[in-house]
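Given next are the chains, with one letter for each unit.
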Amino acid sequence: MTSNRARRIAKEIADIKADTLSQIFVEMAGNGEDLTHLRGNFRGPPDTPYEGGNYFVDIRIPSDYPFRPPVMKFETKIWHPNVSSQTGAICLDTLSSQWSPVLTIKSALISLQSLLSTPEPKDPQDAEVAHMLIRNPAEFDHVARDWAVRFAGAPKKEIAEGSGGATAETIKRKAQESKAKEEKNKLAAYHGYNKDLIDRFVAMGFDVEAVVAAFEYVGIDRMGGEDYELEEAYMGDVTARLFGEA
Amino acid sequence: MKVTIQEWKAVAAWRWDMPDDDVCGICRNPYDSTCSKCKYPGDDCPLLLGECNHSFHMHCIFSWLRQESAQEKCPMCRQPFKSKNQEAAAADSTPQAIEANTSPA
């Protein structure tokens, strides 16, 4: 029984070694002759934060292989919603419920490689990572790239400009730029009125634009953008305008 | 020149009517060889052709279908696996008969 399984595994390893095109590698994990404990590795796919990284996968072959899937987990730390950032455990249907005995160690490793190109945050292994990918894709790219550089040996600078991948630096700069722009837009919405002055009305449950429009309609003095106490009559006019509009 | 044959021994070879280089997708052994549990190819370790036209060593596909995770589906196409020919599974006939049974139409 074990020798039959060993024969297929040995054949698979030979197949992988003979195939230099796919850039998938496998070797025995220990220094011994244990065919049931292997280590695979492949490159992070292009146009992803993992580009240029080298990812190692721990492979355990169960005793009833190929009727049960090989047990795989990432040895290289990786920031990906379907891989645990702590343990490297992988959530992939072809390695569990959708396994078929015609699949191989090589095809499983190729599936893992393509999982890196197509993260599935709706079926996460790592909830924190998945949450970040959904809420803040730019930050996700940044952390995933940072981990690829730190743990998978990906180059710090992008190999080719405009290849679609983004370095930690460009992502950071973009984030800062968009943040500054957002602040500027926010202030512009106040039309020169003091922010605190307007915000006291906003706090009552109106939006900035409506309050500024009411101020302009009533003809409130901008006082050079200084904060000051509005006279009661003006307060009444502004509030009436706001409620009148609503 | 006249030759008189005094004695002769007939030797025959057989093979399944399958493409030359094909292996069973489950055990990865050639169809003409056995599944990973058998010693002698032929009658003792026949092939089984599904209605989906995917074939395996009978012992291999049965081992798979016994697994709960198989859900009785063909490992290749995930269609429900049904043997195309019940006689082949019975393995009661000569190699020729099985050959005829398992050859693709």
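Preceding this section is the structure that the text describes.
Residues numbered from 1 in each chain as written. Chains lettered and ligands numbered in written order. Predicted model: local features only at pLDDT ≥ 70, side-chain atom pairs only at ≥ 80, totals over all residues. Heavy atoms only, no water.

Chemist: I'm lost on the nonpolar core in this one. Help?
Modeler: Note on soluble globular proteins: their nonpolar side chains tend to be buried together. Residues and elements named next belong to chain A. Grouped together as the largest cluster of nonpolar side chains are 39 residues, with contacts concentrated most on Met 72, Phe 74, Ile 105 and Leu 112. Mapped onto this core, the elements with two or more residues apiece are α1 (2–18), β2 (37–43), β3 (54–60), β4 (71–74), α2 (105–117), α3 (127–135) and α4 (137–151). With six residues, the top contributor of residues to this core is α2. Ignoring anything within four residues of it in the chain, the contact list for Met 72 reads Val 57, Asp 58, Ile 59, Ile 90, Leu 95, Ile 105, Ala 108, Leu 109 and Leu 112. (Core = buried A, V, L, I, M, F, W, Y, C linked by side-chain atoms within 4.5 Å. Buried < 20%, exposed > 50% of the residue type's maximum accessible area, 1.4 Å probe, protein only. Helix = DSSP H or I, 4+ residues; strand = E, 2+ residues; numbered from the N terminus. Contact = heavy atoms within 4.5 Å.)

Chemist: Please explain α4 of chain A as it appears in this structure.
Modeler: Working note: α-helix, 3.6 residues per turn, so residues spaced by three or four point in the same direction. Residues and elements named next belong to chain A. In this model, α4 (15 residues) spans 21 Å end to end at C-alpha, consistent with the 21 Å of a helix rising 1.5 Å per residue. Among the residues of α4, those classed as buried are Phe 140, Val 143, Ala 144, Arg 145, Trp 147 and Ala 148. Taken from the residues just after α4, Gly 153 is the one with a positive phi, measuring 70 degrees. (Expected span 1.5 Å × (residues − 1).)

Chemist: Would you mind going over the interface of chain B and chain A with me for this structure?
Modeler: As a measure of interface size, the accessible area lost when the parts come together is often cited. Taken together, the contacts link 16 residues of chain B with 15 residues of chain A. Across the chain B to chain A interface the summed buried area is about 1400 Å²; carbon plus sulfur atoms make up 52%. Counting the surface chain B buries against chain A, the share from its top three residues, Arg 28, Trp 64 and Arg 78 of chain B, is 37%. Counting the contacts that link chain B with chain A gives six residue pairs in polar contact (both at pLDDT 80 or more). The greatest single-element share of the side of chain B that touches chain A, amounting to three residues, is contributed by helix α1 (residues 58–66) of chain B. A per-class count over the side of chain B that touches chain A returns seven nonpolar, six polar and three charged. (Buried area = accessible area lost by both parts, 1.4 Å probe. Polar contact = N/O pair within 3.5 Å; in protein donor to acceptor, adjacent residues only side chain to side chain. Nonpolar A, V, L, I, M, F, W, Y, C, P; charged D, E, K, R; others polar.)

Chemist: Honestly, the pattern of salt bridges in this entry has me stumped. Any pointers?
Modeler: Proximity of charged atoms lets side chains of opposite charge pair with each other. Across all of its chains, the model carries 11 salt bridges over all chains by this definition. Taking the shortest distance from any N to any O, the salt bridge between Arg 200 of chain A and Asp 227 of chain A comes out at 3.0 Å. One end of the pair, Arg 200 of chain A, is in helix α6 (residues 195–202); the other, Asp 227 of chain A, is in the loop between α7 (208–218) and α8 (232–245), and 27 residues separate them in sequence. The shortest N-O distance in the salt bridge between Asp 32 of chain B and Arg 15 of chain B comes to 3.7 Å. Here Asp 32 of chain B is found in the segment before β1 (47–49), whereas its partner Arg 15 of chain B is found in the segment before β1, with 17 residues between them in sequence. Residue class for Asp 32 of chain B comes out partly exposed when judged on its relative accessible area of 28%. With relative accessibility at 32%, the residue Arg 15 of chain B sits in the partly exposed group. (Salt bridge = Lys/Arg side-chain N within 4 Å of Asp/Glu carboxyl O.)

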